[in-house]
Amino acid sequence: MSSETEQDVPAKPASPRKGRLVKSLIFAGGGTLIIAALGALLYESGLIPGLQRGDQTVASGYFQPPSNDEMPDGAFGDSVRRGQAIFMNTATNASQHVGNGLSCANCHLGEGRQPYSAPMWAAWGRYPQYRAKNDQINTMEDRVMGCFTFSMNAQHSVSGEPPPHGDDIYRDLQSYFYWLASGAPNNTQMEGGGFGTVPKTELGYSPERGQEVFAANCAVCHAGDGQGQKDINGRYVFPPLWGPGSYNWGAGMARINTAAAFIQNNMPLSRPGTLTDQEAWDVAAYINSFERPKDARQGDMTVEETRRLFHDGDDIYYGQEVNGVLLGVGTPDPVRPVGAPE
Amino acid sequence: MTADRRPEQDPRHPDEHFEPYELDASIPWPLLGISIALGVWGAATLFDTRRHEERAQVERVEDTQLATGQAVEPGHALFEASCATCHQPDGLGIRGAVPPLAGSPFVRNGPELVANIMLRGIDGPIRVNDSLYDGHMPSFASVFTDVEVAELASYVTSRWGESNRALEAAEVAELRGRVADLGSFRGGAGVAEDTGFALDEQPTFASGTSQPVSPEISALIFEGRGGQWSCASCHGDLGQGRENTPRLAGLPTDYIVKQLGDFAAGRRINESMAVVVAELSNEEKRALGVYYAGLRVPSNARPDLGGDLERGEQLAREGDWSLTVPSCFSCHGPSGFGVATEFPPLAAQHAPYTASQLAAWAGGQRTNSSLDLMEHISSALSAADRRAVADYLASLPPVPAGSGDMLAEQGEGQ
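Residues numbered from 1 in each chain as written. Chains lettered and ligands numbered in written order. Predicted model: local features only at pLDDT ≥ 70, side-chain atom pairs only at ≥ 80, totals over all residues.

Identification of chain B as C-type cytochrome from Roseibium aggregatum is taken from an unreviewed UniProt entry.

Chain A is annotated in an unreviewed UniProt entry as C-type cytochrome of Roseibium aggregatum.

Given below as structure tokens:
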């Protein structure tokens, strides 16, 4: 537009208007370049959320524990690796103390990383903690001892009890948890910790309704009889949910509210959140309405005494009659300890 | 910006007393900004590249060590990748399912026996120390080269068998030729019998009775019926499959029967299969399933889609929780050998077939997965991920088919 005017006054010193235009062009170009350069820098260093490169996990709202290839070397790294091996394959690596067919990883999914699957990064900073369950301050070691006692059913293992205090099993597991919690806050309830909760429903829970939910959503993996499935070598791929191979009556998962939360937030595997609140309560009730190994704390007490002492007021069928059968008596003791040589 | 200090003058008469002068011109701020930004960018890029170079350097050193046999522990990486899924990184196995290597009399007998077992696989009960195991170990003959077998066998025996003998690749080659046609060891007793090593007391191998394939079924498989294709014309004489045609050898009977039914019902869409299954009775479907379930054939699948094997291994073994994709092995079994009817073996399946099925689930042409599990998982995976995982699964050894009583059927189709 201004080319003609410019030609009209060739001898004049540069028109101030022309200079301004060129200048603004340079400024605009320079500004764009700066923005592009800084933007590229931010992108490269992954500082822009949601715009990360394909090989990185999509940022979620939860704490991000380290991945396996970030495991440290040296003595501590070795302990972390041993801890992870125990966590994933408990019956082999804590062989003397596991009296059923489960591993830690069966309920703590994603190698103990998955939010609302009681991830270890959230649990680590919560201990020592007072627990009404045993009316004392629990260290992480005490807590894991509880897992062996109830969830791993140590009473039917070769040693008949959880690993003694100070055992290397606790050392290695705690190394693993500590490493998973790298950078996590201490003594804080973290988003995604525990199993979450499912709101109570008007209908309450019913094993009869749960049976249908189970058949439609769970049986494909855990089998119609809830006993899980093994591969050709007899290795559990899907864990047993009740019966002698599962957690005993003292485990947290035997409570219907705990199981409902775990189920709704994690099951069916790869499709969490597809069950309604009602379905989650009902199927949890169904799973926990079968007999399983007796409560490890029962000792010489009757079921009713044990119920009053340990289960009063809980959402649990322990000590109650379901379909005319008293639950809590326990599955028969195994002929020889689970995992003992033949 | 810059003030013009020149005095007013008539442009027609140039100033005779012109003196050179300097404009009071500071460097424009955008220019400064550009230089600083480019400087920072350059420095950051240099730093970033240096890290890449350091990593590349480490990898080069490792490669050289491997190539020249100077690696600290040759075989270690292979063990982690291929053996540890069952025998575990610490060699302790799985209680009640996978025998330990640590303390095992089989490992104590030196690298040649270990190499032999790797090449042949085991199919039958085995005792290791005080414990009995079902004993289904695949043959790794199709998976490892002679050098790799030699390295692994030497690694395993030096770590857990207190032997320092390094097996040579030439010895493996000779062994491979010798055992090529022998099939899997028939349990621990078979190992002891065939090799003459002292291996404690091994459980006896009960050779099951099996019914030979009827002439009618045999004709279906190898000749076809009424102008229809035979099974073997696409899936191969031994059910080994190729490219987009799946390997059938070792798939469970119930799985095959279900798939044939799904083709008929349109839950799987494949024009050739739709034609073939239309004429099959339920009895024939089952007989075909029984036949293929009992076949054991070396794998001819190869990772040939150019997928990222590392990513494939990650998806198969760990999954990608950020995509809500659990590991393949968490349902299909720890080595991809399959679990019952719903979760077929994936190991040694042809990569183009696996990738095409994942695409079919994602695209809605295959709708026969319980709870729509595979539909959702496939949709969550990118095309590159599907290729990656299909390639990785193709690189695995085939499932040691069925139980002992299937073994006798092996000869029927050959």
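**Some points on the overall build of chain B**
Selection rule: Each helix is a run of H or I in the DSSP string that is no shorter than four residues. Each strand is a run of E no shorter than two, and both are numbered from the N terminus. Exposure in this text rests on C-beta crowding, where 20 or more other C-beta atoms within 10 Å of a residue's own make it buried, 12 or fewer make it exposed, and counts in between make it partly exposed. The C-beta atoms are placed from the backbone. A residue pair is marked as a contact if its C-beta atoms, positioned from the backbone, fall within 7 Å.
When its secondary structure is counted, chain B shows 17 helices and four strands. Put simply, chain B has 414 residues, and 41% of those count as buried. Put simply, of all contacts in chain B between residues at least 6 apart along the chain, 68% involve residues at least 24 apart.

**So, the overall build of chain A**
Across its full length, chain A holds 13 helices and six strands. By residue count, 46% of the 342 residues in chain A fall in the buried class. The contacts of chain A with a sequence gap of at least 6 include a subset with a gap of at least 24, amounting to 68%.

**Describing the UniProt feature "domain: Cytochrome c" (unreviewed entry) in chain B**
Residue and element names in this part refer to chain B. Just so we agree on the cut-off: UniProt positions are given in the numbering used here, feature names are shortened, and annotations may be inferred rather than shown by experiment.
If you check UniProt for "domain: Cytochrome c" (unreviewed entry), the listed places come out as residues 70-160, 213-296 and 307-397 in our numbering. Between the C-alpha atoms that bound residues 213-296 there is a distance of 15 Å. The span itself is 55% helix and 0% strand. The straight-line gap between the two end C-alpha atoms of residues 307-397 is 18 Å; of that span, 51% is helix and 0% is strand.

**Observations regarding helix α9 (residues 207-217) of chain A**
Residue and element names in this part refer to chain A. To be explicit about the condition: This arc is taken over the directions from the axis of the helix to the C-beta atoms.
Every buried residue of α9 is listed here: Pro207, Gly210, Val213, Phe214 and Asn217. Buried residues in α9, looked at end-on, bunch into an arc of 105 degrees, giving them a common side. Packed against the buried residues of α9 are α10 (219-222), α12 (277-287) and β5 (321-322).

**Quick notes on the interface of chain A and chain B**
The cut-off we apply is this: Lys, Arg, Asp and Glu make up the charged group, whereas Ala, Val, Leu, Ile, Met, Phe, Trp, Tyr, Cys and Pro make up the nonpolar group; the residues left over, Gly among them, are polar.
Contact residues are listed per partner, giving 41 residues for chain A and 44 residues for chain B. Looking at the side of chain A that touches chain B, the elements that each hand over two or more residues are α2 (16-44), α4 (90-93) and α10 of chain A. When residues of the side of chain A that touches chain B are assigned to their parent elements, the largest contribution, 11 residues, is made by α2(A). A per-class count over the side of chain A that touches chain B returns 19 nonpolar, 16 polar and six charged.

**Notes on the UniProt feature "domain: Cytochrome c" (unreviewed entry) in chain A**
Following the UniProt record, the feature "domain: Cytochrome c" (unreviewed entry) maps to residues 205-291 of chain A here. Along residues 205-291 of chain A, the helical share is 43% and the strand share 6%, with 18 Å between the first and last C-alpha atoms.

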